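# Examination of the molecular architecture
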Amino acid sequence: MTTLGATAIRAARRFASSLPALFGVLIFTFLLMRVLPGDPAVFFASGPNSGKEEIETIRKQMGLDKPVPQQLFLYLYDVGRGNLGRSLMTGQNVTKDLRERLPASLELTFSALLIALVLAIPLGVLAALKPGSLVDHGVRLFCALGVCVPTFVSGLLLIYIFYYLFGVSPDPTGRVDIFTTLPPAHTGFLLIDFALAGDFDGWWAAFKQLILPACTMALFVIAPLARITRASMLASLGSDFVRTARSVGLSWWRIIVTYALRNAILPVITIAGIVFSTMLGANVLVEKVFSWPGVASYALDALLSSDYAPVQGFVLLMASVFVIVNLVVDVLYGIADPRISIG
Amino acid sequence: MTTPKPLLDIENLQVTFSTRRGPVEAVRGISLSLAEGETLGIVGESGSGKSVTGFAMTRLLDASGKISGGRISFRDRDITKMTSASLREMHGSAMAMIFQNPRGALNPIRAIGQQIADAILAHRKISASEARAESLELLRAVKIRDPEKRMNAYPHELSGGMCQRVMIAMAISSNPALLIADEPTTGLDVTTQKVVMDLLASIAAERGMATILITHDLGLAARYCRRVVVMEQGRLVEEADALTLFRSPQHPYTKRLVAASPTATSRVEDLVTDDEKLLVPAVPLAPPPKPAHGTPPLLEVLDLVKRFDDGTVGVENFSMAIAPGESVGLVGESGSGKSTTSRMICRLLDQTEGVINFNGQSISHIPAREFHQAPQRREIQIVFQDPNDSLNPRFNAFDCIAHPLIRLLGMRNGAALRRRVGECAHRVGLPANLLERFPHQLSGGQKARIGIARAIACRPKLLVLDEPTAALDVSVQAVVLQLLDRLRREDNLAFLFVSHDLNVVRMMCQRTIVLRNGAIVEEGESHQLFDSPKTDYTRELVDAVPHIEMIAAEKMAAGA
C-alpha cells in the first residue's frame, strides 16, 4: 500500500538524517572522556604505590601515549569495524558486555513503560472527563507524589513493604535468583525466554523479580504521561468533532474512545518515546537498588573507574536507542494520524 | 389550513454561562415555535446569543453553559428535562445539527465514510457493511463526486465545501425532523456557499425536515427561510416574514442591521444610520477626482507571474494599473490568486516574473525581504484581514500605530510622535483614551481601526486592503467601510481592495478585476461589471450573492 511505502521512505530518511548526530555523539563523548580528570593507567596499575614505569607501560598498552587526534582516529576505525574496545573493569569486550546487559535494561524499561501507560492513560482520561472533580485532584496528587519521591526512595519503600513486611516478593537481587536454571537465550528477555521454553515456574520467578523495580520506574513516569493524556484529552473533548459526534447521538463509549481518545493519544505517543529513552539511561538508581544487571549501572561503574571504552560504548548505545525510538515513534505517528503521511 | 401542533416550541428560554467574572446571561428569555417542515432563520450579530440558542435547543451547550429557565418542548417532550440517555437517542434521529467550520467538525483521523456509518449505527441495529452501503448512498445524496473513492478519504483531503456536504450527510443520516444549521456557509466561497445552501434546502424540502438557519447574513436568511427572527443581546427583537423584514423592518436594531448590510444598490454613505456616525464629522463628499489624461498611473503591474516551488502556478500574466486616488477591487474565490497577487504588489512576496512600477519606478527588482528599507515601503501600506492576529498582543494601541512611524519615518519617542499618533487615531475615530489599551481589551471594530490608523500613519499613496472587514459584524463593517472611503477621498489614497464580498467591492471600488485560477477573467467599471457581466464565471459569482429583488422573484416563483 502507498501509505506503508510512504512511511518506510519517511523512516529511512529520518534514519539517514540522524547519522551525523550519532557521529557527533561519538566524537563528543570521546573528547569528553579525555577532558575528565582521572588517569585510567594510574587507576588500573597494581596499586597506589606502583612505579612510574609500570604506569607508563599500562599507558602504552592502552594507547594513551599517542596524541589525541591519533587516538580518536584509531577509535573511530575500531568503532567502524564494530569493535567498541575492551573494558578494563570486566576484562571483556565492551560489545559483549553491553549485549549481555542491554536485554536486562530493556526488559525492565519496557515493563515499566507498559505499567506506566496502562495506569497513566486511564487516569488521564478519568481526570479529563471530570476536570476539577475529586478524581481529577486525586490523580494530580498521585502524579505529584510519583514525581516528588526519588526512585531510590520509592524503590526502597517498595522493598520494605513487599519484601520485608509482607514477604511476598523475593529478595531484590537481580533478575532471577541464582539457583534458577536460565532458559535458552533467544531474546535475552527473561519473561519471553521462559515462556518460549514453557517453564512457567521460572517465568513466575522472573516476573516477581521484575515487578518491583518496574513499578518503581513506572511511578516516576506516570506523571508526565498522565498529565499529557489529561491535557490532550481535554482539548479533544472540547473539540468540534466531539461535539459533532454528540450531535448525531453516538454512544458514550464511542465518543470517548474512538473519537476523543484516538485523537488525544497522538501527543502521548511522542511523550512516551521521550520517556522511554530517558528511562533507559536514567534508571541507574533503580538498577543499583535492585542489583539489576543492566547497562546503566555498568556504565556508572565504568565511569567511576575512568574506564573509557564502556562509557563511550554506553553513550553510543543510548544515542542509537534514542534514534531508533524516535524512528518508531515517527512510524507509529504516521500510522495513527493520516494527516502526517501527506507532505 | 388548520394550525398543526408545532414541532418545536420554546418558551422563555434563558441560558447562563458561568465565567470567571460571574454568570453571563447569553439568552434572556426567548420564545419561538416551529412547525413540521418549516424553515426559520435566526439572524443576529456576534454575541447576540443566536448560536447559544441553537445549542440549547439540542442540549449541546458547553459544560459552562446552563439552561437557567424556560421550556423547550420538542414533539411535546420537554428537552430541558431529558436524561442523557434519551438525549442521545434523540440526537441525530430527531434533531441534528450542522456546524460552522466543517473541517473542524469532522474527526480528522477517521475516514469520512466511517464517520457517516458511525452516525447511522448509533440509531439502527444493522451490520457494518449495510451501514457502509448506506453511507455511500448518503454521499451520493449530497452530490459528492466519486463517492466510492471519497468513502476512504480523510477530512483534510477534502475542500471546505466537501466537508460541509459530508457533515450534511451525517446530519440527515437518521432522518431527523429538525435540522439546525449554525452558520453553515461562513468561511466558504460565495459560489460554494450557494451550492451548499441549495443542497441543504432541497434535501430538507425533499425529506420534509424543518430547518433552522442560524446566520449573521440577512441576505442568506431571507433567501432560504420563510420566517426570520432577529436577535440582539440574547433577546428576540423582531419576528417576521423574510421579505417583510427586509423591506420594512420595524425594530430600530433590525433597521440598523438592514441598513448596514451591503446590497447590490447600496452606497457607502447610506450604510450607517445617524446614531452610529463616526466621531469625526464627515467631510462633504466630492465626486472622486477623475485622473487627468496622460498622468502616469500610480501603480503599474505588467505580466506578473508567480510559480510556487512545487510547480503550481499561483498567478499568471497579471497586468493592471491604478491611478492616484483610484480604488480597484480584486475579487475571486479562494485559490484564485488574489491574495498572492496583493502580496506581491505590496512586496511581501517575490514574483517569479513580471514588472511592478510604483510612481514610475520599478519596485519589482527589490526582493521582498529587503523592501522594508526601500523608500516606497511607506508609500505602500497594508490593512490585514484579521484585526486580532495582525496586532502584536504585547503592543498597546499607541505602540501599534507608532511602530511604522518609528521604523519607517525614523521618528523618535516624543511630543511629535505622540501628536502624530493622536492625529491618526482621531482620523480613524479611535478615542484617545483607548490608546493605552492592549488588543485583547478592545473590540473587533476598534482593532480594525488601529490596523487602519497604522496603515495610514506614514501617509501612504497606496493602501492594499486584504479582506479588511471579513472578520467583522455587518454594523461594524459598515462603519469601517465608511471610514475607509472617507480617508481615501480626503487623502487621495489609492486602494487595492481584495475581497470575496462582491457587494462590498461594488460599493468601494470604481473598477473591479475578477480573478480565477490565477488569471484575470474580466475587468471593468464596477457597476457595469456586476450589472452586466460578460463572462459566465462573473455571472456565477454575482448570482451567488443573495439580493432582495432576486429573492422576491424566486419566492414568487416558488409560491405560484
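Source: prediction; values computed, not measured.

### A closer look at the overall build of chain B
For chain B, the helix and strand inventory stands at 20 helices and 20 strands. The C-alpha radius of gyration of chain B comes to 25 Å, within 12% of the 24 Å expected for a compact globule of 560 residues. Viewed in the frame of its principal axes, chain B has a C-alpha envelope of about 70 × 50 × 50 Å. Within chain B, the fraction of its 560 residues that count as buried is 46%. In chain B, the proportion of contacts linking residues at least 24 apart, taken out of those at least 6 apart, comes to 68%.

### Some thoughts on the overall build of chain A
If you tally the helices and strands in chain A, you get 14 helices and zero strands. Starting at the N terminus and walking to the C terminus, you meet the elements of chain A as α-α-α-α-α-α-α-α-α-α-α-α-α-α. Once the C-alpha set of chain A is aligned to its principal axes, its extents read approximately 85 × 55 × 40 Å. When each of the 343 residues of chain A is scored for burial, the buried share is 36%. Within chain A, residue pairs in contact and separated by at least 24 positions form 72% of the contacts whose partners lie at least 6 positions apart.

### Regarding the sheet that holds strand 12 (residues 313-322) of chain B
All names here are of chain B. Taken together, four strands build an open sheet; the order of strands is 12-11-14-15 and the sheet is antiparallel. Every other strand in the sheet has two partners, leaving strand 12 and strand 15 (361-362) as the edge strands with one partner each. As judged from the six bridges shared by strand 11 (residues 299-307) and strand 12, these two strands associate in the antiparallel manner. Note on strand 12: the bridge partner recorded for Leu 299 is Ile 322. Set on the sheet, helix 12 (residues 338-345) makes contact with strand 11, strand 12 and strand 14 (353-358); between it and strand 11 the angle comes to about 125 degrees.

### Remarks on the packing of helix 5 (residues 94-129) of chain A against helix 9 (residues 200-237) of chain A
Think of two packed helices as two axes; the pair is described by the angle between the axes and how far apart they sit. All names here are of chain A. Packing of helix 5 against helix 9 leaves a shortest axis separation of 5 Å and a crossing angle of 35 degrees. Like other packed secondary-structure pairs, helix 5 and helix 9 cross with a definite hand, here right-handed. Counted by class, the contact of helix 5 with helix 9 contains 25 nonpolar, three polar and two charged residues.

### Some points on unusual backbone geometry
All names here are of chain B. The backbone of Asn 101 shows a phi angle near 55 degrees, a positive value even though the residue is not glycine. Notably, Asp 146 is not glycine yet its phi reads approximately 50 degrees, a positive angle. Its location among the elements puts Asp 146 in the loop between helix 5 (128-141) and helix 6 (147-150). According to the C-beta neighbour criterion, Asp 146 is exposed, with 9 such atoms within 10 Å.

### Some words on the interface of chain B and chain A
Between chain B and chain A, the contact holds 25 residues from the first and 18 residues from the second. Mapped by element, the contributors of at least two residues to the side of chain B that touches chain A are helix 2 (84-90), strand 6 (95-98), helix 3 (102-105), helix 4 (112-121) and helix 7 (160-172) of chain B. Its residues assigned to classes, the side of chain B that touches chain A shows 13 nonpolar, nine polar and three charged.

### Regarding the UniProt feature "transmembrane region" (unreviewed entry) in chain A
Residues and elements named next belong to chain A. Per the UniProt record, "transmembrane region" (unreviewed entry) is found at residues 19-36, 108-129, 141-166, 203-226, 264-286 and 314-336. The span residues 19-36 is 94% helical and 0% strand by assignment, and the distance between its end C-alpha atoms comes to 26 Å. Counting secondary structure, residues 141-166 comes out at 88% helix and 0% strand; the distance between its end C-alpha atoms is 26 Å.

### What to know about the domain arrangement of chain B
Each assigned domain of chain B is listed with its residue range as follows: domain 1 (1-94 + 177-253), domain 2 (105-175), domain 3 (296-379 + 467-544) and domain 4 (388-459). Taking the mean C-alpha position of each, domain 2 of chain B and domain 4 of chain B sit 48 Å from one another.

### Observations regarding the domain arrangement of chain A
All names here are of chain A. If you check the domain split of chain A, you get domain 1 (2-64) and domain 2 (101-336). Centre-to-centre separation of domain 1 and domain 2, based on C-alpha positions: 29 Å. Taken together, the contacts link 16 residues of domain 1 with 16 residues of domain 2. Of all elements in the fold, only helix 1 (2-35) and helix 2 (40-44) reach the threshold of two or more residues within the side of domain 1 that touches domain 2. At twelve residues, helix 1 tops the list of elements feeding residues into the side of domain 1 that touches domain 2.

### Digging into the sheet that holds strand 13 (residues 327-331) of chain B
Residues and elements named next belong to chain B. Across the sheet, six strands lie side by side as 16-17-18-13-19-20; this open sheet has mixed pairing. Strand pairing shows two members of the sheet lacking a second neighbour, strand 16 (380-383) and strand 20 (519-525), which therefore form its edges. Strand-to-strand twist across the sheet, computed as the mean angle between neighbouring axes with direction ignored, equals 20 degrees. Pairing analysis gives four bridges linking strand 13 to strand 19 (residues 511-516), with the strands arranged parallel. Bridging from a neighbouring strand, Leu 330 pairs with Ile 513 of strand 19. Against the sheet, helix 12 engages strand 13, strand 17 (462-466), strand 18 (494-499) and strand 19, with an angle of about 150 degrees to strand 18.

### Considering the pairing of strand 18 of chain B
Walk down a regular strand and you will see the side chains alternate between the two sheet faces. Residue and element names in this part refer to chain B. Counting buried residues in strand 18 gives six out of six residues, a clear majority hidden from the surface. Residues Ala 494, Leu 496 and Val 498 point to one face of strand 18 and Phe 495, Phe 497 and Ser 499 to the other, with burial holding for every one of them. Pairing between strand 13 and strand 18: five bridges, direction parallel. The residue of strand 18 that forms the bridge with Leu 330 is Val 498. In this region the chain leaves strand 17, passes through helix 16 (residues 474-491) and returns to the parallel neighbour strand 18; the handedness of that crossover is right-handed.

### Some points on the packing of helix 7 (residues 151-165) of chain A against helix 9 of chain A
Residues and elements named next belong to chain A. One can describe the packing of helix 7 onto helix 9 by two numbers: an axis separation of 9 Å at closest approach and a directional angle of 140 degrees. By the criterion of interaxial angle, the relationship of helix 7 to helix 9 is oblique. Here helix 7 runs over helix 9; the crossing is right-handed. Counted together, Thr 151, Ser 154, Gly 155, Leu 158, Ile 159 and Phe 162 of helix 7 and Leu 212, Pro 213, Cys 215, Thr 216, Met 217, Leu 219 and Phe 220 of helix 9 form the full contact between these two elements. In the contact of helix 7 with helix 9, the residues fall into nine nonpolar, four polar and no charged.

### Comments concerning the confidence of the model for chain B
Residue and element names in this part refer to chain B. Of all residues in chain B, 93% have pLDDT values of 70 or greater, and the mean over the chain is 87. Scored below 50 in pLDDT, residues 275-287 makes 18 contacts in the model with residues more than four places away or belonging to other chains. Scored as a complex, the prediction yields pTM 0.81 and ipTM 0.79.

### Some words on the environment of A:Ile269
All names here are of chain A. Here Ile 269 shows up in helix 11 (residues 252-282). Since 17 C-beta atoms lie within 10 Å of it, Ile 269 is described here as partly exposed. Other than its neighbours up to four places away in sequence, Ile 269 contacts Val 329, Leu 332, Tyr 333 and Ala 336.

### Examining helix 13 (residues 397-409) of chain B
Since one α-helical turn is 3.6 residues long, residues separated by three or four positions face the same way. Residue and element names in this part refer to chain B. Counted at 1.5 Å a residue, the expected span for helix 13 with its 13 residues is 18 Å, and the 18 Å between its end C-alpha atoms agrees. Among all positions of helix 13, only Ala 397, Cys 400, Ile 401, Ala 402, Pro 404 and Leu 405 are buried. Those residues of helix 13 that are buried are in contact with helix 14 (415-427) and helix 15 (444-456). Once helix 13 ends, the next one or two residues include Gly 410, with phi positive near 65 degrees.

### Some points on the confidence of the model for chain A
Put simply, chain A has an average pLDDT of 84, and 95% of its residues get 70 or more. Taken element by element, chain A is modelled with least confidence in helix 2 of chain A, mean pLDDT 70, and with most confidence in helix 10 (residues 240-247) of chain A, mean pLDDT 92.

Calculation notes
Residues numbered from 1 in each chain as written. Chains lettered and ligands numbered in written order. Predicted model: local features only at pLDDT ≥ 70, side-chain atom pairs only at ≥ 80, totals over all residues. Helix = DSSP H or I, 4+ residues; strand = E, 2+ residues; numbered from the N terminus. Rg over C-alpha atoms; globule rule 2.2 N^0.38 Å. Buried ≥ 20, exposed ≤ 12 C-beta atoms within 10 Å, placed from the backbone. Contact = placed C-beta atoms within 7 Å. Pairing = 2+ DSSP bridges. Axes fitted to C-alpha atoms, helices over the stretch in contact; angles between N-to-C directions. Left-handed = near helix turned anticlockwise from the far one by under 90°. Nonpolar A, V, L, I, M, F, W, Y, C, P; charged D, E, K, R; others polar. UniProt positions renumbered as here; feature names shortened; annotations may be inferred. Domains from an automatic or database assignment. Right-handed = clockwise from strand over helix to strand, strands pointing away. Parallel < 35°, antiparallel > 145°, perpendicular 65-115°, else oblique. pLDDT = per-residue confidence, 0-100. Expected span 1.5 Å × (residues − 1).

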